[in-house]
Amino acid sequence: MLPPGQTYQLLRHLTSPVVAVTSERGGKENGMILDAAIRASIVPTVPRLSVYVHKFNFSHDLIFETGRFVLHLLHTQQFDLIHRLGFASGRDRDKLAGVPRRRGVLGAPVLDDCHAHFECRVANVMDTGSSTLFLGDVVEVGFGAGQAPRGEVMTAAYFRAHMPAEWRPEYEALLQAAQRFAEAKSREIKALVWRGLAP
Ligand SMILES: Cc1cc2nc3c(=O)[nH]c(=O)nc-3n(C[C@H](O)[C@H](O)[C@H](O)COP(=O)(O)O)c2cc1C
């Protein structure tokens, strides 16, 4: 086995683009950032994607309890949105205040500005101990408020290479805190039956 740090650097090649995931419960709207999204179907008529969301995030509970979310591919001019949604929790503030948006067909917010968006209904879940993998059926697709994809997709590598230098210490500290949480919880895997699949 390689040293853990080296293994982690290799696994980082599997990181996804940086996306914004929005959710809504009882009128409370929220958004977060993640870079753990995967295309989960090769069938054009069965579009699916999946996301890993840590359990300490407010968004986790909103998505788990409502079974719906919207994933937004971002473009390379959206650093401020990443800072707003990804560096603080919606438990502490209304992060979407002032962010132009509308309610999508499932009721969760669709952000006007993005490269493209996918409205998803949760089809299944998997517990990892520290996070939940949500498998989403894509029920609607669009380009935010636009008619076509906007800009170039914000990859994780682009974000890390170009984020403002003054954000980096906070980014590293948040990542380390998340890693400590995940290390403590990763072995406590529960068998879950998603309610839509329950007999
Ligand atoms: C570049 C970047 C990537 C992130 N990737 C993930 C991720 O893959 N999964 C996750 O659960 N959180 C991820 N986060 C952290 C959440 O976005 C962050 O904890 C956020 O404050 C959660 O907000 P909430 O509590 O309002 O849901 C990422 C943050 C950034 C800035």
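Residues numbered from 1 in each chain as written. Predicted model: local features only at pLDDT ≥ 70, side-chain atom pairs only at ≥ 80, totals over all residues. Heavy atoms only, no water.

Draft legend 1. Geometry of the pairing of strand β8 (residues 116-127). Both strand β5 (residues 68-73) and β8 contribute to a ladder of six bridges, which runs antiparallel. For Arg-68, the partnering residue across the bridge sits in β8 and is Arg-121. Here β8 runs beside strand β9 (residues 131-142); their pairing, made up of ten bridges, is antiparallel. Among the inter-strand pairings, His-117 is bridged to a residue of β9, identified as Gly-142. Taking the residues that link successive antiparallel strands as the turn, the β8-β9 hairpin has three residues, and the phi of Gly-129 there is positive, at about 95 degrees. (Pairing = 2+ DSSP bridges. Helix = DSSP H or I, 4+ residues; strand = E, 2+ residues; numbered from the N terminus.)

Draft legend 2. Highlighting the pattern of salt bridges. The tally for this structure, following the rule as stated, stands at eight salt bridges. Residues Arg-68 and Glu-24 are paired through a salt bridge, measuring 2.9 Å at the closest nitrogen-oxygen approach. On the criterion of sequence distance, the pair formed by Arg-68 in strand β5 and Glu-24 in strand β1 (residues 19-25) is long-range, its members being 44 residues apart. A relative accessible area of 18% places Arg-68 in the buried class. Residue classification places Glu-24 among the buried positions, given a relative accessible area of 7%. The residue Glu-29 makes a salt bridge to Arg-103 at a minimum N-O spacing of 2.4 Å. Within this pair, whereas Glu-29 is found in strand β2 (residues 28-34), its partner Arg-103 is found in strand β6 (residues 101-103), the two being separated by 74 residues in sequence. A relative accessible area of 13% places Glu-29 in the buried class. Residue class for Arg-103 comes out partly exposed when judged on its relative accessible area of 42%. What you see here is one network of salt bridges that share partners, running through Glu-24, Glu-29, Arg-68, Arg-101 and Arg-103. (Salt bridge = Lys/Arg side-chain N within 4 Å of Asp/Glu carboxyl O. Buried < 20%, exposed > 50% of the residue type's maximum accessible area, 1.4 Å probe, protein only.)

Draft legend 3. Local environment of the state of the cysteines. Considering all chains together, one arrives at zero disulfides under this definition. Cys-114 carries a free sulfur, and the closest cysteine sulfur to it, the one in Cys-120, is 13 Å from it. The buried category is assigned to Cys-120, whose relative accessible area is 0%. (Disulfide = S-S within 2.5 Å.)

Draft legend 4. Inspection of the site of the ligand at higher detail. Close contacts around the ligand come from 22 residues, with Ile-33, Asn-57, Ser-59, Ser-89 and Gly-90 the closest. Within the backbone of Tyr-52, one N or O atom sits 3.3 Å away from a nitrogen atom of the ligand. Taking His-54, its main chain carries an N or O atom lying 2.7 Å from an oxygen atom of the ligand. About the coverage of the ligand: the protein hides 89% of its 650 Å² of free accessible area. (Near = heavy atom within 4 Å. Polar contact = N/O pair within 3.5 Å; in protein donor to acceptor, adjacent residues only side chain to side chain. Areas by Shrake-Rupley, 256 points an atom, 1.4 Å probe, with all protein chains shown as cover.)

Draft legend 5. Quick look at the pairing of β9. Where strand β4 (residues 48-54) meets β9, seven bridges bridge the pair, whose relative direction is antiparallel. Of the residues in β9, the one forming a bridge with His-54 is Ser-131.

Draft legend 6. Molecular detail of the packing of aromatic side chains. This structure, assessed with the given rule, holds eight aromatic pairs. Plain terms: the ring middles of Phe-56 and Phe-181 are 4.8 Å apart, the flat faces sit at 80 degrees to each other, and that makes the pair edge-to-face. Of this pair, Phe-56 sits in the loop between β4 and α2 (58-66) while Phe-181 sits in helix α5 (residues 168-185); the two residues are 125 residues apart in sequence, bridging distant segments of the chain. The class for Phe-56 is partly exposed, based on a relative accessible area of 31%. Ring centres of Phe-64 and Trp-194 lie 5.5 Å apart, and the angle between their planes is 90 degrees; this geometry places the pair in the edge-to-face category. You can see Phe-64 sitting in helix α2 and its partner Trp-194 sitting in the segment after α5, a full 130 residues away along the chain. For Phe-64, a relative accessible area of 26% puts it in the partly exposed group. A network of ring pairs unites the aromatic residues Phe-79, Phe-87, Tyr-158, Phe-159, Trp-167 and Tyr-171 as a single cluster. (Phe/Tyr/Trp six-rings, centres within 6.5 Å; stacked < 30°, edge-to-face > 60°.)

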